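Results of the structural survey
If you want the building blocks of each chain, they are given just below.
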Number of protein chains: 2
Amino acid sequence: MQDLYPTRCTGEPQLLARSEPVVRRAWEPGAPLTKEQIEQFGRDGYLVLEDVFSADEMAALQAETGRLLGDPAALKDETVIAEPGSREVRSIFEIHGQSELMARLAADVRLAGVASYLLDDQVYLHQSRLNYKPGFQGKEFYWHSDFETWHAEDGMPCMRALSMSVLLAENTPNNGPLMVIPGSQRVYVTCVGETPDDHYKHSLRKQEYGVPDDDSLAELAHKHGIVAPTGKPGTVIVFDCNLMHGSNGNITPFPRSNAFFVFNAVSNRLTDPFAAARPRPDFIAARHVRPIVPVSGHLEGELA
Amino acid sequence: MQDLYPTRCTGEPQLLARSEPVVRRAWEPGAPLTKEQIEQFGRDGYLVLEDVFSADEMAALQAETGRLLGDPAALKDETVIAEPGSREVRSIFEIHGQSELMARLAADVRLAGVASYLLDDQVYLHQSRLNYKPGFQGKEFYWHSDFETWHAEDGMPCMRALSMSVLLAENTPNNGPLMVIPGSQRVYVTCVGETPDDHYKHSLRKQEYGVPDDDSLAELAHKHGIVAPTGKPGTVIVFDCNLMHGSNGNITPFPRSNAFFVFNAVSNRLTDPFAAARPRPDFIAARHVRPIVPVSGHLEGELA
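In every chain, residue numbers begin from 1 and rise along the written sequence. Chains carry letters from A onward and ligands carry numbers from 1 onward, assigned in written order. Selection of residues for local features in this predicted model requires a pLDDT of at least 70, selection of side-chain atom pairs for listing and counting requires 80 or more, and totals for whole chains, interfaces and linings are taken over all residues. Side-chain metrics rest on all non-hydrogen atoms present in the structure, leaving aside hydrogens and water.

Chain A is annotated in an unreviewed UniProt entry as Ectoine hydroxylase from Novosphingobium beihaiensis.

Here you go:
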């Protein structure tokens, strides 16, 4: 398969134009988003959806989050990632495989239905995780395009995937919220340096390869600016797989957490990695495609 | 001298009520601030003054900043502080002693005049510095009350001092701006652990003593909230010596810098340290009182 997005191979970083659309299906009556929302997603590469879940749905999700974070020993060991230099849990991967409520959340028409529309295909979960950025000592997450890693290390061929972050705690400007460079999804920043074996064992804590260079980041940030979408619990932030994003640390006492789902188009299933010797394990990058049938109704209710 | 603010002596942190006013002189006609500003300073412990300096004054200050940061070898070695784990300059102390323009800035009636009014006394410079938080890798500065350190390590008896930060680059919500807990100046958080000898040699890079505990910080932040004043170059942030403040790291490409001046009331001159074996050196905490005669007019003009 031709590699449309070569990375981690040359000595000099490059900015390559994206050759495929961000939105795959224009607005039409019955779409799950407004025309303006769909156009904004295409232009900015992200979208903030407020009050997507009811108060009691959020209470259930927060209780489930507390349960998962509170008893990591009950989870598959490899799916639990700690902060650098600490044993505090930073992320739990494959939450859709370890929690029925999280699986139900991912399949909800408010998430999977929207993803399927924007990508104009059936979707499946490429990755899911629960992110927890503690108060006082929360570490930064440096700038990156998710797609660069998914392409290089997982073998995702094209930019036909997107992420959804369901906020479980309030994101304020001060507690290390997600920062994005709107419009950066239209440029592919190639990264320098070959991927070491078993890179994921370190990169989930602190990324050292697949890191964009200072000049490219400065160019993008000066051109497009930086935005930090904030919101209450229940807000969903949707963003394109190639949007440049990161987050600062968090010294406030207010922790930040979200449930994070990556939806990939079924037609964009993984091949061999484009810049790594072996693919990453299934709990980080699903190699079995299980198309989602979107589910309507209350998260804890009967199936619609 | 009786120690009104014991710290670094007991095993348990305490929240002590402040026994002295934040504003020492109420508004009266001819005051350099409005009545509302003075009341806000008393209530919140900080004040944001916009457009204090003209565009050409700012250009001169920025050029001088570039000159100082660009040639640290020309400065007194001990006054130049690097980032932890790096040689990048984080702060330059005693800038009023190493730059005529910075000395003139400190003495300006827009700074020293305001300080003198709020403290109702002649003032002198307890400390001055140029702070530079680089882009991409700027480190956080953890929560602290400046007064706790000045009292413990420098022997500042009372809370009759304030700081002014003159913004030299834009502070946005995203580039690690100063965060404050409004109202926290009315509570003194005692810290745990004795001050080691020559603590300042490490604490200017990364503070380990004089650090408030999590419970006290959470109590203050939940009660008062957290505010991150932002502003263009030329904005001046005035804050009380006991205001709890800190800043997150900065992964954006946008560096942050400010000129920082601490004005102390002449009547509040330093005594022996209250919780350290030896006082810190003069470039960090001036032991010679040189009362400032405030100067009017353009920063680069003739004396008024």
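The rest of the description comes next.
**Side note on the sheet that holds strand β11 (residues 245-247) of chain A**
Adjacent strands of a sheet pair through backbone hydrogen bonds, lying either parallel or antiparallel. Residue and element names in this part refer to chain A. Taken in spatial order, the three strands make up an open sheet running β6-β11-β8, and their pairing is antiparallel. Edge strands, defined here as strands with exactly one partner in the open sheet, are β6 (141-144) and β8 (178-180). Across this sheet, the average inter-strand angle for adjacent strands is 25°, counted without regard to direction. Paired strands, in this sense, are two strands between which DSSP finds at least two bridges. Each helix is a run of H or I in the DSSP string that is no shorter than four residues. Each strand is a run of E no shorter than two, and both are numbered from the N terminus. Where β6 lies against β11, two bridges are found, and the strand directions are antiparallel. Paired with histidine 144 across the bridge in β11 is histidine 245. An axis is simply a line fitted to the C-alpha atoms; with a helix, the fit covers only the stretch in contact. Between two such axes, the angle follows the N-to-C directions and lies from 0 to 180 degrees.

**Structural notes on the packing of helix α2 (residues 55-70) of chain B against helix α3 (residues 100-107) of chain B**
Residue and element names in this part refer to chain B. The N-to-C vectors of α2 and α3 enclose an angle of 135°; their axes lie 10 Å apart at closest approach. The angle between α2 and α3 falls in the class oblique. Pair α2 / α3 crosses with left-handed handedness. Of the residues in α3, those touching α2 at Ala60, Leu61, Glu64, Thr65 and Leu68 are Leu101, Met102 and Leu105. Here the term charged refers only to Asp, Glu, Lys and Arg, the term nonpolar to Ala, Val, Leu, Ile, Met, Phe, Trp, Tyr, Cys and Pro, and the term polar to all other amino acids, Gly among them. In terms of residue class, the contact of α2 with α3 is built from six nonpolar, one polar and one charged. Any angle that falls under 35 degrees is termed roughly parallel, while one over 145 is termed roughly antiparallel, one within 65 to 115 roughly perpendicular, and all others oblique. Whether a crossing is left-handed or right-handed is set by the direction in which the near helix is turned from the far one by less than a right angle, anticlockwise for left-handed and clockwise for right-handed. Residues are treated as being in contact if the distance between any of their heavy atoms lies within 4.5 Å.

**Let's talk about the side chain of Asn258(B)**
For Asn258(B), the location among the structural elements is in strand β12 (residues 256-265). Discounting residues that sit within four places of it in the chain, Asn258(B) has contacts with Arg129(B), Leu130(B), Asn131(B), Ser165(B), Val166(B), Leu167(B) and Leu168(B).

**Side note on the packing of aromatic side chains**
Residue and element names in this part refer to chain A. Side-chain rings of Phe, Tyr and Trp, where Trp is taken by its six-membered ring, are said to pair if the distance between their centres is within 6.5 Å; with planes under 30 degrees apart they count as stacked, over 60 as edge-to-face, and otherwise as tilted. Under the counting rule described, the total for this entry stands at ten aromatic pairs over all chains. Through a chain of ring-to-ring contacts, the aromatic side chains of Tyr5, Phe147 and Tyr188 assemble into a single cluster. Over the ring of phenylalanine 260 we find arginine 129, and its NZ or CZ is 4.3 Å from the ring centre. Counted as over-ring charges are cases with an Arg CZ or a Lys NZ within 6 Å of the ring centre that also lie within 35 degrees of the ring normal.

**Here we look at the confidence of the model for chain A**
Residue-level confidence of the predictor, termed pLDDT, takes values from 0 up to 100. For chain A, the average pLDDT comes to 93, and 97% of its residues sit at 70 or higher. If you check the scores for this complex, the pTM reads 0.91 and the ipTM reads 0.89.

**Looking at the relation of the copies chain A and chain B**
Only residues with pLDDT of at least 70 in both copies count here: their C-alpha atoms drive the least-squares fit that superposes the copies. When chain A is fitted to chain B, the best match, at an RMSD of 0.0 Å, comes from turning it 180° and sliding it 0.0 Å along the axis. On this basis, the relationship between the two copies can be described by a two-fold rotation axis. Comparing interface residues between copies, 100% of those in chain A also sit at the interface in chain B, which points to an isologous, same-surface contact.

**Digging into the nonpolar core**
Put simply, a nonpolar core is a bunch of buried Ala, Val, Leu, Ile, Met, Phe, Trp, Tyr and Cys residues held in one set by side-chain atoms that sit within 4.5 Å of each other. Buried, partly exposed and exposed residues are distinguished by accessible area as a fraction of the type maximum, computed with a 1.4 Å probe on protein chains only: under 20%, between the cut-offs, and over 50%, respectively. Leu105(A), Phe261(A) and Phe263(A) are the most contacted members of the largest nonpolar core, which has 46 residues in total. Among the elements that line this core, the one with the most residues is helix α4 (residues 109-119) of chain A, at seven residues. Not counting residues within four places of it along the chain, the set of residues in contact with Phe261(A) comprises Ile95(A), Met102(A), Leu105(A), Ala106(A), Leu111(A), Leu125(A), Gln127(A), Ser128(A), Leu162(A), Ser163(A), Met164(A) and Val166(A). Among the nonpolar cores identified, the runner-up in size contains 45 residues, and Met102(B), Val123(B), Leu168(B) and Ile292(B) belong to it.

**A closer look at the pairing of strand β4 (residues 89-93) of chain B**
Residue and element names in this part refer to chain B. With five of five residues buried, β4 lies mostly within the body of the structure. Across three bridges, the pairing between strand β3 (residues 80-82) and β4 is antiparallel. The residue of β4 that forms the bridge with alanine 82 is valine 89. Pairing geometry for β4 and strand β5 (residues 123-133), over three bridges, is antiparallel. Residue serine 91 lies in a different strand from β5, and its bridge partner there is asparagine 131.

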